[in-house]
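Analysis of the macromolecular model
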Amino acid sequence: MAAKPRVFVTRRIPELGLQKIGAACAMEVWPDQLPPSADILREKIKTCDGLVSLLTDRIDGPLLDVAPKLKVVSNFAVGFNNIDIPAATDRGIAVGNTPGVLTDATADMAMVLLMTAARRIVEGVEDAKAGRWKTWEPCGWLGQDLANRTVGIIGMGRIGSAFARRCRFGWNMKVLYADVYQNATAEKELGATKVEIDTLLKESDFVSVHTDLNAQTKGMFNAELFKKMKKTAVFINTARGPLVDQGALADALRKGTIFAAGLDVTDPEPLPTDHELYKLSNCVIAPHVASATVQTRDEMARICAENVIAGVTGGKLTAPVNPEVEGKRRK
Ligand code: GLV
């Protein structure tokens, strides 16, 4: 009987996924809470047919070069900015991700951050705990209304649209968006209007980022952009930390250039505990948990397992990132 394909999983993912992979492959799972170091990862993948990676693992050409048998990298995430996709394609390696199943959880998280930051909830809860709640305050902890406002979505893809739907039908917001692509469905179903980014920044009460991280978008939220937002604006980022110049954001929050921010992603992750953003009461920071629900993580594990098993057996990936690799996939 042929030996089972070898798969290295860089962290414990939900059991549902591990059971599937373990049944079809000779699987090794990195047991620690922290990711394997680059040296360990290099050692581990040398003999692997498949790799299950996380967004904390950097997968690039030099790493892939040590793994002559590697046929697939299955990322346990929808984002794949941790992987050099052209390098994988050049080497005949298929790459998979977990789109779709985390759309609602991530849109919910953007909504949670928007409500939390707009209504100054973390600040209020901390004040209550610390005894700073002296009486009912007519002018204390005043936040921003959500109903009937304008939301600006940067990146109207799956997650941007799901967040916009919540804003439109939950809070009757007007929806503006900026994207390189037109989203006819969002325009028809949500009455969304595609505008130039400057118009979006000027007119939106809330700005939420749902674009992917690439050479063009890295650092795009800089001092100049924050200056174009309303003083009452709330800025939400559930996409990727490096999209934002965090020094400029801290400045904008400190000086009142904008009202508040809610971040599920930072640069780096984790954000060091002495970072200036933590010191600002109008900045809410969550530890990159947008997809962290039981059901969503199970679904991500299922797709991730399907991708890696298809990859090592020469089958069709459930969610391929680089379909252009077909025809030259490693056997
Ligand atoms: C999480 O950030 C993901 O890309 O799935």
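Details of the structure are given in the entry above.
The paragraphs below set out a description of the structure included in this document. (Residues numbered from 1 in each chain as written. Predicted model: local features only at pLDDT ≥ 70, side-chain atom pairs only at ≥ 80, totals over all residues. Heavy atoms only, no water.)

Moving on: the sheet that holds strand S4 (residues 72-75). Read from one edge to the other, the open sheet built from five strands follows the order S2-S1-S3-S4-S5, with strand pairing classed as parallel. Looking at the sheet topology across the chains shown, the edges are occupied by strand S2 (26-29) and strand S5 (94-96). Pairs of neighbouring strands in the sheet enclose a mean axial angle of 15°, with direction left out of account. Across four bridges, the pairing between strand S3 (residues 50-53) and S4 is parallel. Bridging across to S4, Gly50 finds its partner in Val72. Most of the contacts of helix H1 (residues 15-24) go to S2, to which it runs at about 140°, and overall it touches strand S1 (6-9), S2 and S3. (Pairing = 2+ DSSP bridges. Helix = DSSP H or I, 4+ residues; strand = E, 2+ residues; numbered from the N terminus. Axes fitted to C-alpha atoms, helices over the stretch in contact; angles between N-to-C directions. Contact = heavy atoms within 4.5 Å.)

Of all the five residues making up strand S7 (residues 174-178), four are buried; the element is thus mostly covered by neighbouring parts of the structure. Pairing between strand S6 (residues 150-154) and S7: five bridges, direction parallel. Looking at S7, one finds that Ile153 is bridged to Tyr177. For the handedness criterion, the β-α-β arrangement of S6, helix H7 (residues 158-171) and S7 is classed as right-handed. In the sheet, S7 pairs with strand S8 (residues 193-194) via two bridges, with the strands oriented parallel. Paired with Tyr177 across the bridge in S8 is Lys194. Since S7 and S8 lie parallel, the crossover through helix H8 (residues 184-190) that links them has a hand, and here it is right-handed. (Buried < 20%, exposed > 50% of the residue type's maximum accessible area, 1.4 Å probe, protein only. Right-handed = clockwise from strand over helix to strand, strands pointing away.)

In total, this model carries three aromatic pairs according to the counting rule given. On the basis of an interplanar angle of 40° and a centroid distance of 6.4 Å, the ring pair of Phe221 and Phe226 is categorised as tilted. On the accessibility criterion, Phe221 (0% relative accessible area) is buried. Relative to Phe235, the ring of Phe221 has its centre 5.0 Å away and its plane inclined at 50°; by these criteria the two rings are tilted. Here Phe221 is found in the loop between strand S9 (206-209) and helix H10 (223-228), whereas its partner Phe235 is found in strand S10 (residues 234-237), with 14 residues between them in sequence. By the ring-pair criterion, three or more aromatic residues cluster together here, those being Phe221, Phe226 and Phe235. (Phe/Tyr/Trp six-rings, centres within 6.5 Å; stacked < 30°, edge-to-face > 60°.)

All right, on to the site of the ligand then. Taken together, Leu55, Ala77, Val78, Gly79, Leu102, Arg240 and His288 make up the full set of residues adjacent to the ligand. Separating an oxygen atom of the ligand from a backbone N or O atom of Gly79 is a distance of 2.8 Å. Contacts to the ligand include His288, whose side-chain N or O atom sits 2.6 Å from an oxygen atom. Bound to the protein, the ligand loses 89% of the 190 Å² it would expose on its own. (Near = heavy atom within 4 Å. Polar contact = N/O pair within 3.5 Å; in protein donor to acceptor, adjacent residues only side chain to side chain. Areas by Shrake-Rupley, 256 points an atom, 1.4 Å probe, with all protein chains shown as cover.)

In contact at an axis separation of 8 Å, helix H5 (residues 103-118) and H7 are set at 55° when each is read in the N-to-C sense. When the axes of H5 and H7 are compared, the pair comes out oblique. Note that H5 runs across H7; the crossing there is right-handed. Contacts between H5 and H7 involve Thr103, Asp104, Thr106, Ala107, Asp108, Ala110, Met111, Leu114 and Met115 from the first element and Arg158, Ile159, Ala162, Phe163, Arg166, Cys167 and Trp171 from the second. Each residue belonging to the contact of H5 with H7 can be placed in one class, and the counts come to 10 nonpolar, two polar and four charged. (Parallel < 35°, antiparallel > 145°, perpendicular 65-115°, else oblique. Left-handed = near helix turned anticlockwise from the far one by under 90°. Nonpolar A, V, L, I, M, F, W, Y, C, P; charged D, E, K, R; others polar.)

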